[in-house]
Amino acid sequence: MSYDVGAVERRRLLGRTKSVTVVGASANPARPSYFVATYLLSSTRYEVNFVNPRLDTLLGRPVYPSLADVPGELDLVSVFRKHDDLPGVAEEVIEAGARTLWLQLGLWHEPVADRVREAGLDVVMNRCVKIEHARFAGGLHLAGFNTGVISSRRQTAP
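Residues numbered from 1 in each chain as written. Predicted model: local features only at pLDDT ≥ 70, side-chain atom pairs only at ≥ 80, totals over all residues. Heavy atoms only, no water.

Named according to an unreviewed UniProt entry, the protein chain is CoA-binding protein originating from Amycolatopsis echigonensis.

The following block contains the structure:
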């Protein structure tokens, strides 16, 4: 079974996504989850929620102690947690009824991917939701960084 989701499929997933819930969101500006959170809030159309039992607010938004506490339907759940926590997080994602489990850069867990797929969810591993969104929205060079090019070309949402 192939675990790597191709670019066309990642674009399709991001294009159908209405909300992104960041599990493991941090208030530390040096952490990748903080950088992703600021990008999602400022540069996307997504409804953004945060989960971290040790925070009350982040970037002026409420932070929920668990996925079960997030109001509304969950769509894409972006995970910033250590490898050993992933099976438990996957079960929470399944129970919460999310559509996609997205494991951030450096996170790869094939048994979790199998479990999530068996439950009918899509899964992306070892990819940054910020980088992928920006790439498909026209804000990144193929290498993954901002080109600094200003264009009059109309941008299309992923």
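That covers the picture; the talk isn't over yet.
Caption draft 1: Structural detail: the pairing of strand E2 (residues 47–51). Of all the five residues making up E2, four are buried; the element is thus mostly covered by neighbouring parts of the structure. The pairing of strand E1 (residues 19–23) with E2 spans five bridges and is classified as parallel. By the bridge assignment for E2, Thr 21 is matched with Asn 49. Of the crossover connections in this fold, the one passing from E1 over helix H2 (residues 32–43) to the parallel E2 is right-handed. Here E2 runs beside strand E4 (residues 61–64); their pairing, made up of two bridges, is parallel. Paired with Phe 50 across the two strands is Val 63, which belongs to E4. (Buried < 20%, exposed > 50% of the residue type's maximum accessible area, 1.4 Å probe, protein only. Helix = DSSP H or I, 4+ residues; strand = E, 2+ residues; numbered from the N terminus. Pairing = 2+ DSSP bridges. Right-handed = clockwise from strand over helix to strand, strands pointing away.)

Caption draft 2: Layout of H2. Under the 1.5 Å per step criterion, the end-to-end length of H2 is 16 Å for 12 residues, consistent within 8% with the ideal 16 Å. Those residues of H2 that fall on the buried side of the exposure criterion are Ser 33, Tyr 34, Val 36, Ala 37, Tyr 39 and Leu 40. Each element contacted by the buried residues of H2 is listed here: E1, E2, strand E3 (57–58) and helix H5 (129–137). (Expected span 1.5 Å × (residues − 1). Contact = heavy atoms within 4.5 Å.)

Caption draft 3: Region of the structure containing the sheet that holds E4. Reading across the sheet, the seven strands line up as E3-E4-E2-E1-E5-E6-E7 and stay open at both edges, with mixed pairing between neighbours. Single-partner strands in this sheet number two, and they are E3 and strand E7 (122–124). Contacting E1, E2, E3 and E4, H2 crosses the sheet at an angle of about 155 degrees to E2. Against the sheet, helix H4 (residues 110–118) engages strand E6 (100–103) and E7, with an angle of about 155 degrees to E7. (Axes fitted to C-alpha atoms, helices over the stretch in contact; angles between N-to-C directions.)

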